[in-house]
Amino acid sequence: MATIRSLLIGTGSYVPDFVLTNDILEELVDTNDEWIVKRTGIRERRIGPGMTTWQMGVEAGRKALQSAKVPPEEIDMLILSTCTPDTYSPTVSGYVQEALGLKKAAAVDINACCTGFCYASDIADCYIKAGKAKTILVVSAETLHRITDYTDRGTCVLFGDAAGAAVYRACEDENEQSGILSSFMAADGSGADYLYMEALPVEEDPLHSDRKFSEKNRFLKMQGAAVVRFTASAVPHAIDMALQRAGLTAADVDWVVPHQANLRILQIIAQKFGIPNEKIYVNMDRYGNTSSASIPLCLDEMNDKGLLKKGQVIVCTGFGGGLTYGAFVLRL
Ligand code: ACO
């Protein structure tokens, strides 16, 4: 039986217009541009007050369909990742499916926080390889301004809104070497509380008696230093495993596209794998941490700039709430 490969055939993204600069944040909390740039690498981010996650997802998805030159009715499945859903029912993907006219697509939401695009791409690859779908649209959309506490300087300087999207298509050509080559998805629930945000009010929690209902629990709370310690070992492990499974080494990699969370993790990747900084794509200076949207936002920007070339090997790696982490290797 012929091997089926999932080719990346299109990318899309959307960011809202409003630019939230470090100067504006200086007026909201006790912080300064120098601290933010030095510790996080972020100079500005976009937020879209009044916009919903599904609206941003539609814009990114539409651009990805155009880029892939695929009509909406050819999409077999829509996988939408978000940790900021507008509704629990209907699914956010339901709204996006309807707005994009994906008439015959199955549609599902997933939440793996900042690892959402990696998990969604992996699920897409599994459906395609199993022969259950031919063309899949992955959309990762986040309105993080809605879960950001703009009185907490430890988190409000980090997050922005965005959506990113990718179209994957089955290819059965024996001579085709491109497509998703491997993946490694993982989670470590022992660090679950390092990134905490309530969805529905928790009145009584037998495990966390100190956790009383509070409106503030809607906002994301983070133990930043603990997350950095976790990612310092988890992310290199995920990249290692994904490369091994693809039968490749770091020397074969043309681009690493990491979740845009903090500069330190980029430095760790560069040092551990001997990958030059120029091969690690960064746009967090302009968009901050946009959770699961950050990787496809990078891919679309790279595509627009003409940086993506046939045959290149790309490693995408994500990490975040759960704690979830993972990586996948893609040959263009
Ligand atoms: N401006 C000025 N000072 C600040 C700010 C700020 N915005 N934020 C914190 N500080 C202060 C702290 O109060 C503390 O002061 P103290 O020493 O007087 O107590 C000091 O700076 C150091 O604080 P730390 O929290 O230890 O700062 P750290 O060096 O860890 O940097 C940061 C904080 C940038 C948030 C870092 O922890 C980080 O990058 N964390 C990981 C984020 C991440 O990877 N998230 C991924 C997942 S996100 C998701 O899934 C949605």
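Residues numbered from 1 in each chain as written. Predicted model: local features only at pLDDT ≥ 70, side-chain atom pairs only at ≥ 80, totals over all residues. Heavy atoms only, no water.

With respect to the domain arrangement of the protein chain
Domain annotation for the protein chain reports domain 1 (5–171) and domain 2 (179–200 + 216–331). With centres defined by C-alpha atoms, the gap from domain 1 to domain 2 works out at 15 Å. Viewed at the interface, domain 2 and domain 1 are joined by three salt bridges. As a salt-bridge pair, Asp304 and Lys63 come within 2.7 Å of each other at their nearest N and O atoms. At the boundary of domain 1 and domain 2, one finds 24 residue pairs in polar contact (both at pLDDT 80 or more). For the side of domain 1 that touches domain 2, the per-class residue count stands at 22 nonpolar, 19 polar and 14 charged. (Domains from an automatic or database assignment. Salt bridge = Lys/Arg side-chain N within 4 Å of Asp/Glu carboxyl O. Polar contact = N/O pair within 3.5 Å; in protein donor to acceptor, adjacent residues only side chain to side chain. Nonpolar A, V, L, I, M, F, W, Y, C, P; charged D, E, K, R; others polar.)

Some details on the nonpolar core
One finds Ile239, Leu243, Ile269, Ile280, Val315, Tyr325 and Val329 to be the most contacted residues of the largest nonpolar core, which totals 45 residues. The element best represented in this core is helix α7 (residues 224–246), accounting for eight residues. If you count residues domain by domain, this core takes at least three from each of domain 1 (5–171) and domain 2 (179–200 + 216–331). When sequence neighbours within four positions are dropped, the list of residues in contact with Ile269 reads Val235, Ile239, Val256, Pro258, Gly274, Ile280 and Thr317. (Core = buried A, V, L, I, M, F, W, Y, C linked by side-chain atoms within 4.5 Å. Buried < 20%, exposed > 50% of the residue type's maximum accessible area, 1.4 Å probe, protein only. Helix = DSSP H or I, 4+ residues; strand = E, 2+ residues; numbered from the N terminus. Contact = heavy atoms within 4.5 Å.)

Comments concerning the pattern of salt bridges
Where charged atoms from two side chains of opposite charge come close, those side chains can pair. Under the criterion given, the structure shown has 14 salt bridges. Because the salt bridges share partners, they merge into one network encompassing Asp285, Arg286, Glu301 and Lys305.

Considerations on the layout of surface pockets
Approximately 1100 Å³ is the volume found for the largest pocket. Residue lining of the largest pocket: 50 residues in total, with Ile147, Phe159, Leu195, Met197 and Leu220 positioned closest to the centre. Only α2 (33–40), β5 (106–110), α6 (153–156), β9 (195–196), α7 and β12 (313–320) provide two or more residues apiece to the lining of the largest pocket. No other element matches the four residues that α7 contributes to the lining of the largest pocket. In terms of residue class, the lining of the largest pocket is built from 25 nonpolar, 16 polar and nine charged. Built from parts of two domains, the lining of the largest pocket gets at least three residues from each of domain 1 (5–171) and domain 2 (179–200 + 216–331). (1 Å grid on protein atoms, 1.4 Å probe; cavity = no way out; pocket = protein on both sides within 12 Å on 5 of 7 lines; lining within 4 Å. Points joined across faces, edges and corners; volume = space filled by probe spheres on them.)

With respect to helix α8 (residues 263–273)
Since there are 3.6 residues in each turn of an α-helix, residues three or four apart along the chain are aligned in direction. Where α8 is concerned, the buried positions are Ile265, Leu266, Ile269, Ala270 and Phe273. Across the axial projection of α8, the buried residues extend over an arc of 140°, all falling on one side. Where the residues of α8 are buried, they touch α7, β11 (255–258), α9 (284–287) and β12. A positive phi of about 65° marks Gly274, the residue just after α8. (Arc of directions from axis to C-beta.)

A short note on the site of the ligand
In the region of the ligand, 25 residues are neighbours, and Thr31, Arg39, Cys114, Arg153 and Asn262 sit closest. With respect to the ligand, the backbone of Gly224 contributes an N or O atom lying 3.3 Å from a nitrogen atom. Within the backbone of Gly321, one N or O atom sits 3.3 Å away from an oxygen atom of the ligand. Elements represented by at least two residues in the shell around the ligand include exactly α2, α6, α7 and β12. Ranked by residues supplied to the shell around the ligand, first place goes to α7 with four residues. Taken together, the residues of the shell around the ligand sort by class into 13 nonpolar, eight polar and four charged. The residue makeup of the shell around the ligand includes at least three contributed by each of domain 1 (5–171) and domain 2 (179–200 + 216–331). (Near = heavy atom within 4 Å.)

A look at helix α4 (residues 92–100)
Of the positions making up α4, those classed as buried are Val92, Ser93, Val96 and Leu100. Buried residues of α4, viewed axially, fall in a sector of 90°; they line one side. Summarising the contacts, the buried residues of α4 are in contact with α3 (53–68), β4 (77–81), β5 and β6 (135–142).

Looking at the sheet that holds β11
A sheet is described by the order of its strands in space; here four strands give the open sequence β8-β13-β12-β11, paired in mixed fashion. Of all the strands in the sheet, the pair left with one neighbour each is β8 (179–187) and β11. Strand-to-strand twist of the sheet, defined as the mean angle between neighbouring strand axes without regard to direction, takes the value 15°. By the bridge criterion, four bridges tie β11 to β12 in an arrangement that is parallel. Bridging across to β12, Trp255 finds its partner in Ile314. Relative to the sheet, helix α5 (residues 116–129) contacts β8, β12 and β13 (324–331), its axis offset from that of β8 by approximately 125°. (Pairing = 2+ DSSP bridges. Axes fitted to C-alpha atoms, helices over the stretch in contact; angles between N-to-C directions.)

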